[in-house]
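Take a look at the letters that make up each chain.
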Amino acid sequence: MSKQTAFDALVVLGAVMRWDKKSRQWTFPPVLNREEYGGRLVLGEWRATAAYILQNFAPVILVTGGSNIHPETSKRCSRATELAKLIIKFGVPKNKVVTIGKISASNTAGNVANLGKYLELHPEIKRIAILSPRFQMPRAMVMHDREPIIKNLGEIKWIEVEKTLIEWNSGFKT
């Protein structure tokens with residue numbers, strides 16, 4: 001991907017977020033322990049870093065994600081909104097980041113449906129890159145392939161978060 005704006009949109013798949021009592025902010029931990037999320041890598045903060053690295057490959061970054069219940073207010077908080085804030089904090093211009101996640105989308109399937117609806121409203125988007133961690137990619141690919149509007153796009157490229165980070169900084173390999 002050497003071409004600047006090689007895609008019409010970069011899609012960042014939502015991630016698990018956790019409330020940090022000390023900072024009183026939502027965080028996107030790179031790894032959650034087994035009790036919290038089955039011991040899987042969730043790579044939330046790293047997704048934001050990878051989006052920053054890849055920001056010039058598309059004019060818009062679409063951020064998906066469901067919601068969490070705020071532990072202090074009991075209100076639903078959007079993972080897409082919080083992940084978008086982190087992407088902007090890392091240096092992506094605010095006007096380039098669009099949250100398409102809906103609070104009702106609590107999983108990847110819901111995020112796929114929201115992406116499909118967004119693409120229906122934006123037929124000019126024909127080439128997308130989807131940023132996903134390795135563990136989520138096979139399942140997400142199947143789900144995206146089942147959504148007709150996504151399946152019929154001109155081009156879909158899957159980009160692995162881990163590979164992007166390692167190419168950017170070999171220190172991520174460890």
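These notes cover the structure that comes with them.

What counts as what
- Residues numbered from 1 in each chain as written.
- Predicted model: local features only at pLDDT ≥ 70, side-chain atom pairs only at ≥ 80, totals over all residues.
- Heavy atoms only, no water.
- Pairing = 2+ DSSP bridges.
- Helix = DSSP H or I, 4+ residues; strand = E, 2+ residues; numbered from the N terminus.
- Axes fitted to C-alpha atoms, helices over the stretch in contact; angles between N-to-C directions.
- Contact = heavy atoms within 4.5 Å.
- Buried < 20%, exposed > 50% of the residue type's maximum accessible area, 1.4 Å probe, protein only.
- Arc of directions from axis to C-beta.
- Core = buried A, V, L, I, M, F, W, Y, C linked by side-chain atoms within 4.5 Å.
- Salt bridge = Lys/Arg side-chain N within 4 Å of Asp/Glu carboxyl O.
- Expected span 1.5 Å × (residues − 1).
- Phe/Tyr/Trp six-rings, centres within 6.5 Å; stacked < 30°, edge-to-face > 60°.

1. Description of the sheet that holds strand β4 (residues 61–63)
Read across the sheet, five strands follow the order β7-β4-β1-β8-β9 without closing on themselves; strand pairing throughout is parallel. One side of each edge strand has no neighbouring strand; the edge strands of this open sheet are β7 (97–99) and β9 (155–160). Taking the axes of each pair of neighbouring strands and ignoring which way they run, one obtains an average angle of 25° across the sheet. Taken together, the three bridges between strand β1 (residues 9–12) and β4 define a ladder with parallel strand orientation. Across the sheet, V11 pairs through a bridge with L62, a residue of β4. Strands β1, β4 and β7 of the sheet are contacted by helix α3 (residues 79–89), whose axis makes an angle of about 170° with β7.

2. A look at helix α5 (residues 137–145)
Buried residues of α5: M137, A140 and H144, and no others. Mapping the buried residues of α5 onto a view down its axis gives an arc of 65°, with all of them on the same face. Packing partners of the buried residues in α5 comprise α4 (108–121), β8 (127–132), α6 (148–151) and β9.

3. A short note on the nonpolar core
Formed by 30 residues in total, the largest nonpolar core has its most connected members in L10, V12, V63, L83, I87 and L131. Among the secondary structure elements, those contributing two or more residues to this core are β1, α2 (44–53), β4, α3, β8 and α7 (161–168). Per-element tally for this core: the top contributor is α3, with five residues. Not counting residues up to four positions away in its chain, the partners in contact with L83 are V12, L13, G14, A15, F28, G44, A48 and V63. Core analysis: the second largest hydrophobic core is formed by 18 residues, V112, L119, M137 and L153 among them.

4. Quick look at unusual backbone geometry
Of note, R24 is a non-glycine position whose phi angle comes to about 55°, a positive value. Considering the arrangement of structural elements, one finds R24 in the loop between β2 (18–20) and β3 (25–27). Of note in the backbone geometry, S74 takes a positive phi value of approximately 65° without being a glycine.

5. Looking at the pattern of salt bridges
One pass over the structure, following the stated rule, counts four salt bridges. For D8, the salt bridge identified is with R127, shortest N-O distance 2.9 Å. A residue pair is termed long-range when its members are at least 10 positions apart, and D8 in the segment before β1 and R127 in strand β8 qualify at 119 residues. D8 gets classed as buried once you look at its relative accessible area, which sits at 17%. One salt bridge connects E82 with K85, and the closest N-O pair in it is separated by 3.2 Å.

6. A word on α4
Taking 1.5 Å as the rise per residue, α4 with 14 residues should run 20 Å; its terminal C-alpha atoms sit 20 Å apart, in good agreement. Those residues of α4 lying buried are T108, G110, N111, V112, N114, L115, G116, Y118 and L119. Elements that come into contact with the buried residues of α4 comprise β1, β4, β7, β8, α5 and α6.

7. What to know about the pairing of β1
Put simply, side chains in a regular strand alternate between the two faces of the sheet. Both faces of β1 are covered, namely the face carrying A9 and V11 and the face carrying L10 and V12. Sheet topology note: the β1/β8 ladder contains four bridges and is parallel. Bridge pairing links L10 to A129 in β8.

8. Focus on the packing of aromatic side chains
In this structure the tally under the stated criterion is one aromatic pair. Their ring planes at 75° and their centres at 5.2 Å tell us that W19 and W26 sit as a pair that is edge-to-face. We classify W26 as buried; its relative accessible area is 11%.

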